[in-house]
Amino acid sequence: MPEPILQLRNVSKSFGGVAANVDVSFDVARGEILGLIGPNGAGKTTCFNAMTGVYRPTSGQVLLEGQKLGKRKKHQITQLGIARTFQNIRLFGEMTALENVVVGTDARHKTSVVGALIRSPRHQREEREAVDRASALLEFVGIADRAADKARNLPYGYQRRLEIARALATEPKLLCLDEPAAGFNPTEKEELMGLIRKIRDDGYTVLLIEHDMRLVMGVTDRIVVLEFGKKIAEGLPANIRENPAVIAAYLGVPDDGAA
Ligand SMILES: Nc1ncnc2c1ncn2[C@@H]1O[C@H](COP(=O)(O)OP(=O)(O)O)[C@@H](O)[C@H]1O
Ligand SMILES: [Mg+2]
């Protein structure tokens, strides 16, 4: 068995009396699309927060390529290779689409502050490369036609894709998407599935939080299910679909439910 790219080992996280994650363990294999599902409040986003340095787990460990994330800060974890998008879009609204992605590439920048201030040749070259790469990423996610528009003026679906482009700009080993299809119509969801597959085929590993069962079943290789902070199931989409505990957890929640 090759080493998993990411491991959650007995991760627990409490907020006061609320146990958001309880002893959660799962692996993400290199090159897979892993779905993380569960009813509203199940602790999915909390897992992402533990993996990206927003919170430290109350107990347990997150490992990237066998290395404990420990006390590392958000930007250090970005540099190690985990990128994410947010359930509620977080873009720089007054910056253009292109600039939003260039900011993402900055997370990888190597020149010093001094190099930037004196606009050293190396810095200028890196800037050009960042813009080229950002343009290519806008093309890749299908929004290059609006590269010069302010992010806040972009249609909603473009903003969601822009978040993905910005996350990819950090050249992550693992891309974590938190409900990227929220608010999408069926056509947009279909297109997003295509994009997620394309991202994986490009060599990335994807961890996907998504509510739409059709989308999750259609695009993931494996699925982990949380309920009330605990992992209740893990397996192939076909098995998860038939799993009584999963069905019970979702009972009364429509497939495209907002929950
Ligand atoms: N910063 C926080 N402070 C207090 N409670 C939180 C915080 N973040 C999450 N929670 C609680 O933890 C539980 C899991 O939340 P979350 O991980 O956002 O669930 P999901 O993403 O699966 O909908 C919920 O009960 C939520 O209210
Ligand atoms: Mg969430």
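Calculation criteria
- Residues numbered from 1 in each chain as written.
- Chains lettered and ligands numbered in written order.
- Predicted model: local features only at pLDDT ≥ 70, side-chain atom pairs only at ≥ 80, totals over all residues.
- Helix = DSSP H or I, 4+ residues; strand = E, 2+ residues; numbered from the N terminus.
- Buried ≥ 20, exposed ≤ 12 C-beta atoms within 10 Å, placed from the backbone.
- Contact = placed C-beta atoms within 7 Å.
- Pairing = 2+ DSSP bridges.
- Domains from an automatic or database assignment.
- Nonpolar A, V, L, I, M, F, W, Y, C, P; charged D, E, K, R; others polar.
- Axes fitted to C-alpha atoms, helices over the stretch in contact; angles between N-to-C directions.
- Parallel < 35°, antiparallel > 145°, perpendicular 65-115°, else oblique.
- Left-handed = near helix turned anticlockwise from the far one by under 90°.
- Expected span 1.5 Å × (residues − 1).
- Arc of directions from axis to C-beta.

A. Focus on the environment of I82. With respect to the helices, strands and loops of the structure, I82 is situated in strand β6 (residues 82-84). Judged by the 26 C-beta atoms lying within 10 Å of it, I82 falls in the buried class. Once the C-alpha coordinates of I82 and G235 are considered, the two residues, 153 residues apart in sequence, prove to be 23 Å apart. The contact partners of I82, leaving out residues within four places of it in the chain, are M51, T52, L64, I77, P172, L174 and C176.

B. Representation of the sheet that holds strand β4 (residues 59-64) within the structure. Sheet architecture is open: four strands sit in the order β2-β1-β4-β5, paired in antiparallel fashion. Two strands bound the open sheet, and with one partner strand each, they are β2 (18-28) and β5 (67-68). Here strand β1 (residues 6-15) runs beside β2; their pairing, made up of seven bridges, is antiparallel. Bridge pairing links S14 to A19 in β2.

C. Structural view of the domain arrangement of the protein chain. Splitting the protein chain by domain gives domain 1 (1-81 + 172-259) and domain 2 (91-170). For domain 1 and domain 2, the distance between their C-alpha centroids amounts to 26 Å. Contacts between the two partners involve eleven residues from domain 1 and, on the opposite side, nine residues from domain 2. Looking at the side of domain 1 that touches domain 2, the element that brings in the most residues is helix α2 (residues 74-80), giving three residues. Its residues placed into classes, the side of domain 1 that touches domain 2 shows six nonpolar, four polar and one charged.

D. Quick look at the packing of helix α3 (residues 97-106) against helix α6 (residues 156-169). It is at 7 Å that the axes of α3 and α6 come closest, and there the two elements cross at 30°. Between α3 and α6, the angle falls in the class roughly parallel. Between α3 and α6 lies a crossing whose hand is right-handed. The segment α3 lies against α6, with A97, N100, V101, V103, G104 and T105 engaging L162, A165, R166, A167 and A169. Counted by class, the contact of α3 with α6 contains seven nonpolar, three polar and one charged residues.

E. Inspection of helix α7 (residues 186-201) at higher detail. For α7, spanning 16 residues, the distance from its first C-alpha to its last is 23 Å, which sits close to the expected 22 Å at 1.5 Å a residue. Listing the buried residues of α7 in full gives L192, M193, I196 and I199. For α7, the angular spread of buried residues about the axis comes to 125°, placing them on one side. Of the exposed residues in α7, the ones pointing more than 90 degrees away from its buried face are T187, G194 and D201.

F. Broad picture of the sheet that holds β6. The six strands are arranged β6-β7-β8-β3-β9-β10 in an open sheet whose pairing can be described as mixed. Bordering the open sheet on either side are β6 and β10 (230-235), each of which pairs with just one other strand. For this sheet, the mean inter-axis angle between neighbouring strands, taken without regard to orientation, is 20°. Helix-sheet contacts for helix α1 (residues 44-51) involve β3 (33-37), β6, β7 (174-178), β8 (205-209) and β9 (222-227), and the interaxial angle to β7 is about 145°.

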